[in-house]
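The lines below spell out each chain.
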Number of protein chains: 2
Amino acid sequence: MPLSEFNLIDQYFTRHRAKISGSPIELGIGDDCALLTPLPGEQLAISTDMLVAGRHFFEDVEPRALGHKALAVNLSDLAAMGATPLAFTLAISLPQPIDTARLAWLHAFSDGLFTLADTHHCTLIGGDTTAGPLTLCLTVLGSVKKDNALQRAAARIEDDIWVSGTLGDARLALGDYRQEWIVEKKYQSVVRRALEWPQPRVALGLALPGIAHAAIDLSDGLAGDLAHIVQRSAVGATVMMDRIPRSEALAQQPLSIQYRCMLSGGDDYELCFTAPPTARTVLTQISADLSLPLTRIGKITTLPKALDHANATPPSILWIDHNGVALADVFRGFDHFH
Amino acid sequence: MPLSEFNLIDQYFTRHRAKISGSPIELGIGDDCALLTPLPGEQLAISTDMLVAGRHFFEDVEPRALGHKALAVNLSDLAAMGATPLAFTLAISLPQPIDTARLAWLHAFSDGLFTLADTHHCTLIGGDTTAGPLTLCLTVLGSVKKDNALQRAAARIEDDIWVSGTLGDARLALGDYRQEWIVEKKYQSVVRRALEWPQPRVALGLALPGIAHAAIDLSDGLAGDLAHIVQRSAVGATVMMDRIPRSEALAQQPLSIQYRCMLSGGDDYELCFTAPPTARTVLTQISADLSLPLTRIGKITTLPKALDHANATPPSILWIDHNGVALADVFRGFDHFH
């Protein structure tokens, strides 16, 4: 079999050529462009992510997990906007040779990718395959009712700050792998699952429009991601650090490691959102309906005033530790250049 | 200056944060997703391309030209559908360190990119920046009236086959660079321009709906790309090889090199389209209006019948050489794995 670009796409990534009746996708893979007709009154939400081997994932990661995660991190961006997944494109650069091992890799990768795509009725509509260093680039398209999208700039003073799930396990797993610290054996499969099989909070995102104000997905770590909300909304925030939800596995670690993993670890793909206190009851109900913990960790405040004695910009987020001491926002978001 | 992912995007790629009145783009860079509301009655055309250093371009290529070409090859896909450019996302993986030289590179790259984007009113709406091997991935979105899109599967028997511009100069330049052959000094700047600064045929694409039937952009070489039209349309084709338009520079070369460059060279980014003979007059007028040569190179035919004496599939495209001899379709499209 000649292993050309064209039959790689045909064999592993082309599934639905026929027009699906009632679908907004009029034309999928196989032409110069895909064609998509959004529903009336709906906006398209669009996001793109690139994943590079050795930086976003280990080259030897289980390919099924990689296929899952590559799409999951993009669906997480749609969730943060309150958008319904619709379609995605995939560009993939693959090291040569395309031998039997690589074909098995592609089979498992596409299986992981499509299993998650099917769960969310998200159709692959276009792609590009090339030889080169192992790199993935996905662009997702979602649909959201006009004026319903959750934006980072929409936080209001007095809003509660909420996060879904638990934070820090992905970073905890990475540190164990890198021998920065040790995770007890009985927790290892749980924290590795958090790193390799993140679950995008699509259902939560769809439940939030009309209830929440601002939202963001936690891809770079709570400190950096909440800073985006605060900056774009021109507000401040106070976070009670002992309220930040963490797994039993992370709670075993010294506080310094807990903070590091929860605040600047990244790769959580939980949602952080703000909502008025009047929304607490309905959010508790949503949490129960989705079997997904939702935890209030703090409040949106006015932007702190500059101190008298210095020109320094005051921190916009106050992190209150378990002793009630306010720490400056020294925690950095995960940065793909650091 | 800390060279983080965030301020690289801010400094080089964020330009239009405010909502542009009347634009379908409601929200650009800076949130989890961009938001876009297509016009009523319009479809979205979507295409994605990945460009890898050392494979699609030389690592030391002039960055302004690279920025231009990265978007040009994507706009060419929109042109082939008859779609108006609307927006694009850019993911870029950059080798470290991000030093002064790389910043100058980014400045020139984004200048080349945005100059072409502005020409076509195509807005950057999202992106991702990461460290890694130099790789670009763009996804473009265009708008086309419902049922107006030019598709590969729409060729009809008796259609003329047309191509725009001249073919083969990009491959001719590459071969000169690789010392496969020599291009006379007086032609070098012209053919290098074809390789490095391809002009997407957006205006031609917009003129074709209602006139042309099938269309494709010539990115992989005429032989491979026309084969896509023929296969998807379940027709055959006859091409008069001496009619294929070529530059003065290419015409200096032996016929074998001419054929190789025109038929399997790739990187032309001209349009190949089919149209009924009744469209000849209007196409001649379009050619004059756009100052862009349009050349009839052959005909769409019925699919050739299988030969009696063999089980072999007959060639679906007959390439007639200058002696009137039909060659089998032995020319392969450019394949990024070969």
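Going by the structure above, here's the rest.
As the structure is a prediction and not an experimental result, all values here were calculated from the model.

A.B. asks: I'm lost on the relation of the copies chain B and chain A in this one. Help?
C.D. replies: Each of the two copies of the chain can be brought onto the other by a rotation about an axis and a shift along it. If you rotate chain B by 180° and push it 0.0 Å along the axis, it lands on chain A with an RMSD of 0.0 Å. The two molecules are tied by a two-fold rotation axis, judged by turn and shift.

A.B. asks: Explain the pattern of salt bridges here, please?
C.D. replies: Once the charged atoms of two side chains with opposite charge are near each other, the side chains can pair. Residues and elements named next belong to chain B. Summed over all chains, the structure comprises 26 salt bridges over all chains. Its salt-bridge partner being R192, residue E196 comes within 3.0 Å of it at the nearest N-O pair. Of this pair, E196 and R192 are both found in helix α5 (residues 185-196), four residues apart, which corresponds to roughly one turn of the helix. Owing to a relative accessible area of 16%, E196 belongs among the buried residues under this scheme. Looking at R192, the relative accessible area reads 47%, which means it is partly exposed. In this structure, R201 engages E270 in a salt bridge whose closest nitrogen and oxygen atoms are separated by 2.8 Å.

A.B. asks: Please explain the pairing of strand β3 (residues 42-52) of chain A as it appears in this structure.
C.D. replies: With 11 of 11 residues buried, β3(A) lies mostly within the body of the structure. The pairing of β3(A) with strand β6 (residues 135-145) of chain A spans 11 bridges and is antiparallel. Following the sheet pairing, M50(A) is matched in β6(A) by C137(A). In terms of strand pairing, β3(A) meets strand β2 (residues 34-36) of chain B through three bridges, oriented antiparallel. What sits directly across from A45(A), in β2(B), is L35(B).

A.B. asks: Help me understand the side chain of S110(A), please; the structure alone is not making it clear to me.
C.D. replies: Mapping S110(A) onto the fold places it in helix α3 (residues 100-119). With near-sequence residues (within four places) excluded, S110(A) lies in contact with Y12(A) and F13(A).

A.B. asks: What's the story with the packing of aromatic side chains in this structure? I'm lost.
C.D. replies: Residues and elements named next belong to chain A. All chains considered together, the criterion is met by six aromatic pairs over all chains. Ring centres of W162 and F273 lie 6.2 Å apart, and the angle between their planes is 0°; on these two criteria the pair is classed as stacked. A residue pair is termed long-range when its members are at least 10 positions apart, and W162 in strand β7 (residues 160-164) and F273 in strand β10 (residues 271-275) qualify at 111 residues. Comparing W162 with F273, the two get one shared label, buried. In this structure, R102 is placed above the aromatic ring of W105, and the distance from its NZ or CZ to the ring centre is 4.7 Å.

A.B. asks: Which parts of the structure should I look at to understand unusual backbone geometry?
C.D. replies: For residues that are not glycine, phi is negative in most cases, and the peptide bond is trans in most cases. Residues and elements named next belong to chain A. Cis peptide bonds are those with omega within 30 degrees of zero, and the linkage from Q96 to P97 qualifies with -5°. Mapped onto the fold, P97 is located in the loop between β4 (84-94) and α3. One non-glycine residue, Y269, lies in the positive phi region at around 55°. Counting through the fold element by element, Y269 comes out in the loop between α9 (255-264) and β10. Since its relative accessible area comes to 8%, Y269 is described here as buried.

Criteria and thresholds
Residues numbered from 1 in each chain as written. Chains lettered and ligands numbered in written order. Predicted model: local features only at pLDDT ≥ 70, side-chain atom pairs only at ≥ 80, totals over all residues. Heavy atoms only, no water. Least-squares fit on C-alpha atoms with pLDDT ≥ 70 in both. Salt bridge = Lys/Arg side-chain N within 4 Å of Asp/Glu carboxyl O. Helix = DSSP H or I, 4+ residues; strand = E, 2+ residues; numbered from the N terminus. Buried < 20%, exposed > 50% of the residue type's maximum accessible area, 1.4 Å probe, protein only. Pairing = 2+ DSSP bridges. Contact = heavy atoms within 4.5 Å. Phe/Tyr/Trp six-rings, centres within 6.5 Å; stacked < 30°, edge-to-face > 60°. Lys NZ or Arg CZ within 6 Å of the ring centre and 35° of its normal.

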